[in-house]
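Notes for the structure review
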Amino acid sequence: MPLSQPIILATLTITTLIFLLSTHLVLIWVALELNTLAILPLIAHKSHPRAIEASTKYFLTQAMASALIIFSGTLNYEMTGSCQIVELTNLTSMIVLTLALFIKVGLVPFHFWVPEVLQGMSTTAAIFLLTWQKLGPLIMLFLISPLINFELTSVVATLSSLVAGWMGLNQTQVRKLMALSSIAQMAWIIVIIKYAPSLAILTFYIYSTTISATLLTLDKMSTTSIKYLIISFSKSPITTTILMISLLSLSGLPPLAGFMPKWLTINQLLAEKAIWIALLMLITSLLSLFFYLRLWYNSSSTMPPSTTNTTRLWRKSTPQSNFTINLLTMATTTLLLSTTLMKAITKQEYSLG
Amino acid sequence: MAVAFKLLASARPLRECQRHKVLHSLLGPLVTNHISKMYSSYRRPGISPDDTPVWKKIDFSTEKAVNGVKKHFKLLKSEIAEHVTSYDGQPLHVHLWEETRVVWKFHSQKDLDKWIASSDTEIGGKSEAYLKLGKNNQSALFYGTLNTEVPRDGETKYSGYCGFKAKPRLGVFNRKKYYDWTNFNSLHLRVRGDGRPWMINIFTDPYFSHQKDDMYHYFMFTRGGPYWEEITIPFSKFFLCSQGRVQDRQFPLWLDKINTIGFTLGDQAHGPFQLEIDFIGLLMDRAHTEEFAYEQYERNTKF
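Nothing here was measured: the structure is a model prediction, and the numbers come from that model. (Residues numbered from 1 in each chain as written. Chains lettered and ligands numbered in written order. Predicted model: local features only at pLDDT ≥ 70, side-chain atom pairs only at ≥ 80, totals over all residues. Heavy atoms only, no water.)

**So, empty space enclosed by the protein**
Put simply, the rule is: Space inside and on the surface of the protein is sampled on a 1 Å grid over the protein atoms alone, with a cavity defined as a set of points where a 1.4 Å probe fits but cannot get out and a pocket as an open set with protein on both sides within 12 Å along at least 5 of 7 lines; lining residues have an atom within 4 Å of a point. Grid points are joined across faces, edges and corners, and a volume is the space filled by probe spheres set on the points. In this text, helices come from DSSP runs of H or I with a minimum length of four residues, and strands from runs of E with a minimum of two, each type numbered from the N-terminal end.
The full count for this structure, using the stated rule, is 8 cavities of 30 Å³ or more. Estimated volume of the largest cavity: approximately 120 Å³. In terms of lining, the largest cavity is formed by 13 residues, of which the most central are Pro49 and Arg50 of chain A together with Thr204, Pro206 and Tyr216 of chain B. Contributions of two or more residues to the lining of the largest cavity are made by helix H3 (49–80) of chain A together with strand E10 (214–221) of chain B. The element that contributes the greatest number of residues to the lining of the largest cavity is H3 of chain A, accounting for 3 residues.

**Points about the UniProt feature "domain: NADH:quinone oxidoreductase/Mrp antiporter transmembrane" (unreviewed entry) in chain A**
Condition: UniProt positions are given in the numbering used here, feature names are shortened, and annotations may be inferred rather than shown by experiment.
Taking the UniProt record as the reference, the feature "domain: NADH:quinone oxidoreductase/Mrp antiporter transmembrane" (unreviewed entry) is found at residues 22–288 of chain A. Strand forms 0% of residues 22–288 of chain A and helix 78%; the C-alpha atoms that close the span are 36 Å apart.

**Description of the packing of aromatic side chains**
All names here are of chain B. Operational definition: In summary, the pairing rule links any two rings of Phe, Tyr or Trp, Trp by its six-membered ring, whose centres are within 6.5 Å, and it sorts them by plane angle into stacked for under 30 degrees, edge-to-face for over 60 and tilted for everything else. The rule is simple: take the accessible area with a 1.4 Å probe, protein chains only, and divide by the maximum for that residue type; under 20% is buried, over 50% is exposed, in between is partly exposed. The rule is short: NZ of Lys or CZ of Arg within 6 Å of the ring centre and within 35 degrees of the ring normal puts a charge over the ring.
As enumerated under the stated definition, the model contains 30 aromatic pairs over all chains in all. Taking 6.3 Å as the distance between ring centres and 35° as the angle between the ring planes, the aromatic pair formed by Trp115 and Phe263 counts as tilted. Of this pair, Trp115 sits in strand E2 (residues 115–119) while Phe263 sits in strand E14 (residues 260–265), and the two are 148 residues apart along the sequence. As far as the burial class goes, Trp115 and Phe263 line up, both buried. Note that Lys257 overlies the ring of Tyr178, its terminal NZ or CZ placed 5.2 Å from the centroid.

**Things to note about the interface of chain B and chain A**
In plain terms, the rule: The contact criterion used throughout is that any non-hydrogen atoms of two residues lie within 4.5 Å. A 1.4 Å probe defines the accessible area here, and the buried area is the portion of it lost by two parts on being joined, summed over both. Any carboxyl oxygen of Asp or Glu that lies within 4 Å of a side-chain nitrogen of Lys or Arg is treated as forming a salt bridge with it. A 3.5 Å cut-off defines polar contacts: any pair of N or O atoms within that distance qualifies, except that in protein one atom must be a possible hydrogen donor and the other a possible acceptor, and neighbouring residues in sequence count only when both atoms are side-chain atoms. Polarity classes work like this: nonpolar for Ala, Val, Leu, Ile, Met, Phe, Trp, Tyr, Cys and Pro, charged for Asp, Glu, Lys and Arg, and polar for all others, with Gly in that last group.
Taken together, the contacts link 34 residues of chain B with 37 residues of chain A. For the pair chain B and chain A, the two sides together bury roughly 3,100 Å², of which 56% comes from carbon and sulfur. The largest per-residue losses of area from chain B upon contact with chain A belong to His83, Trp254 and Arg286 of chain B, which jointly make up 23% of the total buried on that side. The interface formed by chain B and chain A includes 2 salt bridges. Linking Asp256 of chain B and Arg50 of chain A is a salt bridge whose minimum nitrogen-to-oxygen distance equals 2.9 Å. Summed over the shared surface of chain B and chain A, the result is 11 residue pairs in polar contact (both at pLDDT 80 or more). For the side of chain B that touches chain A, the element with the most residues is helix H5 (residues 92–97) of chain B, which contributes 4 residues. Here the side of chain B that touches chain A is composed, by residue class, of 15 nonpolar, 10 polar and 9 charged.

**Thoughts on a nonpolar patch on the surface**
Residue and element names in this part refer to chain A. So the rule is basically this: Any residue with relative accessible area above 30% and no salt bridge may belong to a patch, with like charges joined within 9 Å and the nonpolar Val, Leu, Ile, Met, Phe, Trp and Tyr side chains within 5 Å. Only the protein chains shown count as cover for residues, and all accessible areas are computed by the Shrake-Rupley method using a 1.4 Å probe.
A surface patch of nonpolar side chains, amounting to about 460 Å² of accessible area, comprises Val26, Val30, Leu34, Leu37, Phe59 and Leu60. Of all the elements in the fold, those that place two or more residues in the nonpolar patch are helix H2 (25–43) and H3. Sorting elements by how many residues they give to the nonpolar patch places H2 first, with 4 residues. Summarising the element assignment, Leu37 is placed in helix H2. Accessibility expressed as a relative area gives 45% for Leu37, which makes it partly exposed.

**A closer look at the pattern of salt bridges**
With the rule as written, the count across this model stands at 17 salt bridges over all chains. Here Arg192 of chain B makes a salt bridge to Glu276 of chain B, at a shortest N to O gap of 3.0 Å. On the criterion of sequence distance, the pair formed by Arg192 of chain B in strand E8 (residues 186–192) and Glu276 of chain B in strand E15 (residues 271–283) is long-range, its members being 84 residues apart. Note on Glu276 of chain B: relative accessible area 9%, which makes it buried. Through salt bridges with shared partners, one network takes in Glu53, Lys57, Glu116 and Lys176 of chain A together with Lys257 of chain B.

**With respect to the sheet that holds E14 of chain B**
Residue and element names in this part refer to chain B. Note the cut-off: Should DSSP find at least two bridges between two strands, the strands are regarded as paired.
Taken together, 7 strands build an open sheet; the order of strands is E2-E5-E14-E9-E10-E12-E13 and the sheet is antiparallel. Edge strands, defined here as strands with exactly one partner in the open sheet, are E2 and strand E13 (245–246). The pairing of strand E12 (residues 239–242) with E13 spans 2 bridges and is classified as antiparallel. Residue pairing for E13: Cys241 is matched across the bridge by Val246.

**Points about the pairing of strand E3 (residues 128–133) of chain B**
Residues and elements named next belong to chain B. As paired elements, E3 and strand E4 (residues 140–146) share 6 bridges and run antiparallel to each other. For Leu133, the partnering residue across the bridge sits in E4 and is Ala140. Counted between consecutive antiparallel strands, the loop separating E3 from E4 contains 6 residues, among which Asn136 sits at a positive phi close to 55°.

Following this line, the structure appears as structure tokens:
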């Protein structure tokens, strides 16, 4: 159907605007449902049985989370008479809503659907799932951030970072690795959302930019497994270099942009006296760093004894220049100076204070 | 192949009461021994339904429970260590760089116990099929007699098949474990057949029950004679079937979640058969560049 793509994109845009503009729980819930329904054809685009399976799993998980959201709204309305998300004062409603949003985003212990769904879909659709689809739940979390329970978010964030890193240790499928990486990155957003919601939004922006660059590059190289990354440098050195920069930025290594949100988050956690949480987040992020470095090592750092003649890349030409990927990757590197600037600003604030 | 699951009978009072038939279908699992039909159940015509309650079929043995707990926790410990140090039982660099792999070999009874043989006796047919170790415990021998006589039960129309398949791998606490064959593009077997055409079935175990009958098949034509032959079948050749029917819309076989592989003989030739297998392995054939053998034409075109 020729009009399906504009309709889907228009629906996604309109529902995202509704998230940004409204605070009424029912309206937000309607937008969430429409958002979920609109993305399903994108997930099942190829009609492969695994893609249909992925879209079914995604729909069931999101529908269950949406049911919990409307349940929490109904409960809050019954207890307090308010339907505004910012007035969610009933404790049970708050906890149910928080857990429902964690299901939507894919945090531990509701993370099992993320790698399975991502494995069944194309890389281009995966970009939508890992960035755009997280806007709605994160906006809701941003709105309820003053009322959110820090103990709950810190436990979930720490577990997410740990479990995502642990699961990625012996994973060779690249899409599953990106799914687990997304879970780990979401943990950093969730852990700080109560005390610094704007920092959580900044983390999300940098995460979206970097993961889009990574997934677009992987899509360009048509790689689904680490094995095909091994020979990518000889086939397309520039694209592989771009991938390397994106991966290192995702892992949070300075001086790339991905380091900034992690550093600021740790700063904020220490300022809030959550030293143990900060320490646990740092230690568990080492597991994620391991598989990012493994991807980097296999793609850019070594030339293993594999031939360059592969079935995957034999017929697809890999253009060496791509405007979108280059733009996104530049966004991960042009913030090189930002870390120095932030440090200078912070020092200045301390000296003035 | 006939499905082995049987439907347990409902409690007698509810079954006889017409008014409760609707209620029973909704509340079956709660009020009776009725197990919902997750998979299609087949009961041979003429055989009475099994009225035995579910709880009577379970072996409540303390010793079995304790041994089971010990075994699974030991497996859990080794699985955790394996998760960190290796991938699918071998170091990651070996997994990434390997171009060939032997998945199944038949050197002992333990290897043979990973396979299960079956035939049309499940539906009342008269074929016989046996699986045993070959000479000097170096191969597996699947032999028997194919009988195309249709069972006289008034329902069955076709008969005459034999097959054997690998049992699904189970991890700790009997979780399903899948094979990851993404590094390879061909199935490589060393067999000694009898000239009959066999069908290789690969099952990828879909998550939802509406796809439970989906399976990928391809043919294996054997030569008769005393000499071994090495057969290489690219995975791009496998076609999708559901309940044995070839699907109009074809999709390539995804190799990241393979559950089992099986071999079936159903060539409608009445008589003895024999297939000897030395090993079943995987191969990365660099010369094979085909991604999928079956072209898909656009249906419902604009004009």
